[in-house]
Amino acid sequence: MDRAGFGHTVVEYDIEVEYVATRYQRRAGSARCDTGAFSVAAAQSVRSFHRGFKDYYPTPLVALQRLADSLGITRLWVKDESRRFGLDAFKVLGASHAVGRFVGQQLGLELEQISFDFLRLPQTRARLGGRVFVTASDGNHGRAVAWAARQLGQKAVVFLPRNVSAARVAHIRKLGAEARVTDGNFDESVRLAAETAAQHGWVLLQDTAWEGYEQVPLWVMQGYLTLFAEAIEQLGPERPTHVLIQAGVGSLGAALRAYLREQYGDSGPFFAVVEPKNAACFYQSAKTGDGAPKTVTGALETIMAGLAAGEPSTLAWRILRDYSDGFFACSDGVAAKGMQLLGRPLPGDAAVVSGESGAVTTGVVACLCHDAALRGLREKIQLNAQSKVLLFSTEGATDPDMYRKIMSR
Ligand SMILES: Cc1ncc(COP(=O)(O)O)c(C=O)c1O
């Protein structure tokens, strides 16, 4: 049992890791879904778009050799997204690319013709007219949309679930956007955002897809290609044997899985999705094995705010169903363990400031390697002395109070 301190009270977090291997059997003759939208060439063009941004630089890929040694694996790399464009999370890559594509669509321009400076020109604003960008978010995507709208000199409205922290709301307001805290969970906030956009003729910039709404979420997913292309370049000749990725609606994980397939073909690394157990919609979808996405409802209570989504994105589900090896569901203690391992490194390793949603995959790998009860699972997924593991710390301390409380233990 892990404990995390919360002011005067002490909340105890259980360490629980559950796993289901992909068991979906497709009908004979039916093909797996296409991953061409996430090709290496697509990644190059998205990356050159991001390269034009004022504060663009590749985020560090941190090799944690002492931690890898202590876990009994060969390598552990963590891509550190805590400083992306000064916004503390990877999300801005998706929102900025979707905005760029939207502007291109409106003005009849290709992505190659749209630069950061072009987006900020008063003339571009005049040609677009006054627009309102609207979205729902657990915090990070909303902050990214607020940032992107501000670059364009346009307005943003962000719907947030009822249990969102004050710090996440403040981040969004600080960027000049309107933050509306709803009565519902993340998925209900998404529906509210979509209805409001339809009512007012606003532009819905959502990071999750559903039947009839797939173009913008695809642009968001393609925006994440910059992150993966950087990581593969930073790995050089090295090749990971295991990749674990955290999922909320699954857009990040699906884009990564598709890109790895485009990069390595069908002989890619072991690939698994990691979710909080109270919002484990991919895990639950995989468990039934019937190939249809399942929804998790209720409060979706977890410290992993960015992963508290109960409805898989349709686009993401198809890719993750067809190409993932397995799905993990884990308790909040696993995320807290990951945060502490990354934030308080072994001597010789660099520190990575990683928030609750960023650190959970590190926590899973540590549990798998340390916990005798998970030995069978470790063997099943061949996590051993030959393994080279690639993880993504997708956020820094996006909720500073929570970060301090967990790290103060
Ligand atoms: C920090 C962080 N990591 C991971 C994710 C998961 O991304 P997705 O919802 O695309 O699965 C999110 C989503 O908001 C996030 O904020």
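No experiment lies behind these values; they were computed from the predicted model shown.

1. Describing the overall build of the chain
So, point 1. Broken down by element type, the chain carries 17 helices and 13 strands.
So, point 2. Computed over the C-alpha atoms, the radius of gyration of the chain is 20 Å, within 12% of the 22 Å expected from 2.2 N^0.38 for a compact globule of 409 residues.
So, point 3. Taken along its principal axes, the extent of the C-alpha atoms in the chain is 60 × 55 × 40 Å.
So, point 4. By the burial criterion, 60% of the 409 residues in the chain qualify as buried.
So, point 5. For the chain, long-range pairs separated by at least 24 residues make up 74% of all intrachain contacts whose partners lie at least 6 apart in sequence.

2. Things to note about the domain arrangement of the chain
So, point 1. Considered domain by domain, the chain is made up of domain 1 (2-89 + 222-407) and domain 2 (92-206).
So, point 2. Here domain 1 and domain 2 have C-alpha centroids that lie 25 Å from each other.
So, point 3. If you look at the interface, domain 1 gives 36 residues, while domain 2 gives 27 residues.
So, point 4. Considering only the side of domain 1, the residues that lose the most area to domain 2 are Phe49, Phe53 and Leu87, jointly responsible for 25% of the buried surface there.

3. Let's talk about the confidence of the model for the chain
So, point 1. In the predicted model, the chain carries a mean pLDDT of 95, and 97% of its residues have values of at least 70.
So, point 2. A low-confidence stretch, residues 1-10 (pLDDT under 50), is modelled with 28 contacts involving residues beyond four sequence positions or located in other chains.

4. Examining the site of the ligand
So, point 1. For the ligand, the set of nearby residues contains 15 residues, the closest of which are Asn140, Gly248, Val249, Gly250 and Thr394.
So, point 2. The contact in question runs from an oxygen atom of the ligand to an N or O atom on the backbone of Ser251, over 3.1 Å.
So, point 3. Measuring from an oxygen atom of the ligand, one finds a backbone N or O atom of Gly306 at 3.2 Å.
So, point 4. When the ligand sits alone it has 380 Å² of accessible area, and the protein chains cover 97% of it.
So, point 5. Applying the majority rule of atoms within 2 Å of the grid points places the ligand in the largest cavity.
So, point 6. Classifying every residue of the shell around the ligand by side-chain character gives five nonpolar, eight polar and two charged.

5. Some points on the layout of surface pockets
So, point 1. By volume, the largest pocket amounts to about 340 Å³.
So, point 2. In this structure, the largest pocket is lined by 20 residues; those nearest its centre are Asn163, Glu301, Thr302, Ile303 and Ala305.
So, point 3. Class assignment of the residues belonging to the lining of the largest pocket gives a composition of nine nonpolar, five polar and six charged.
So, point 4. If you add up the space inside the second largest pocket, you get close to 200 Å³.
So, point 5. If you trace the second largest pocket, you find 13 residues lining it, with Arg191, Ala209, Trp210, Glu311 and Pro312 closest to the centre.
So, point 6. With five residues, helix H8 (residues 186-200) is the single largest residue contributor to the lining of the second largest pocket.

6. Let's talk about unusual backbone geometry
So, point 1. Positioned with a positive phi, Asp88 is a non-glycine residue whose angle comes to about 70 degrees.
So, point 2. If you trace the backbone, Asp88 turns up in the loop between strand E5 (75-80) and helix H3 (92-107).
So, point 3. Even without a glycine there, the phi angle at Gln382 is positive, about 55 degrees.
So, point 4. Here Gln382 is to be found in the loop between helix H16 (375-380) and strand E13 (388-393).
So, point 5. Overall, the relative accessible area of 54% leaves Gln382 in the exposed class.

7. Some words on the nonpolar core
So, point 1. Counting 106 residues, the largest nonpolar core has Val103, Trp147, Phe228, Phe282 and Phe392 as the members making the most contacts within it.
So, point 2. Counting residues in hydrophobic clusters, the runner-up holds 44 residues, among them Tyr13, Ala272, Cys367 and Met402.

8. A closer look at the packing of helix H9 (residues 215-223) against helix H13 (residues 314-323)
So, point 1. Between H9 and H13, the shortest axis-to-axis distance is 9 Å and the interhelical angle comes to 55 degrees. For the element pair H9 / H13, the angle class is oblique. Residues Pro217, Leu218 and Met221 of H9 touch H13, and the partners they reach there are Leu315, Ala316 and Ile319.
So, point 2. For the contact of H9 with H13, the class distribution of residues is six nonpolar, no polar and no charged.

9. A short note on the environment of Tyr56
So, point 1. Here Tyr56 shows up in the loop between helix H1 (40-51) and strand E4 (61-63).
So, point 2. Separated by 303 residues in sequence, Tyr56 and Ala359 have C-alpha atoms that sit 23 Å apart.
So, point 3. If we skip the residues at most four places from it in the chain, Tyr56 touches Arg47, His50, Arg51, Arg84, Phe85, Thr226 and Glu230.
So, point 4. Within the structure, the side chain of Tyr56 is placed 3.2 Å from the side chain of Arg47, a separation counted as a polar contact.

Rules used in this analysis
Residues numbered from 1 in each chain as written. Predicted model: local features only at pLDDT ≥ 70, side-chain atom pairs only at ≥ 80, totals over all residues. Heavy atoms only, no water. Helix = DSSP H or I, 4+ residues; strand = E, 2+ residues; numbered from the N terminus. Rg over C-alpha atoms; globule rule 2.2 N^0.38 Å. Buried < 20%, exposed > 50% of the residue type's maximum accessible area, 1.4 Å probe, protein only. Contact = heavy atoms within 4.5 Å. Domains from an automatic or database assignment. Buried area = accessible area lost by both parts, 1.4 Å probe. pLDDT = per-residue confidence, 0-100. Near = heavy atom within 4 Å. Polar contact = N/O pair within 3.5 Å; in protein donor to acceptor, adjacent residues only side chain to side chain. Areas by Shrake-Rupley, 256 points an atom, 1.4 Å probe, with all protein chains shown as cover. 1 Å grid on protein atoms, 1.4 Å probe; cavity = no way out; pocket = protein on both sides within 12 Å on 5 of 7 lines; lining within 4 Å. Sits in = over half its atoms within 2 Å of the grid points. Nonpolar A, V, L, I, M, F, W, Y, C, P; charged D, E, K, R; others polar. Points joined across faces, edges and corners; volume = space filled by probe spheres on them. Core = buried A, V, L, I, M, F, W, Y, C linked by side-chain atoms within 4.5 Å. Axes fitted to C-alpha atoms, helices over the stretch in contact; angles between N-to-C directions. Parallel < 35°, antiparallel > 145°, perpendicular 65-115°, else oblique.

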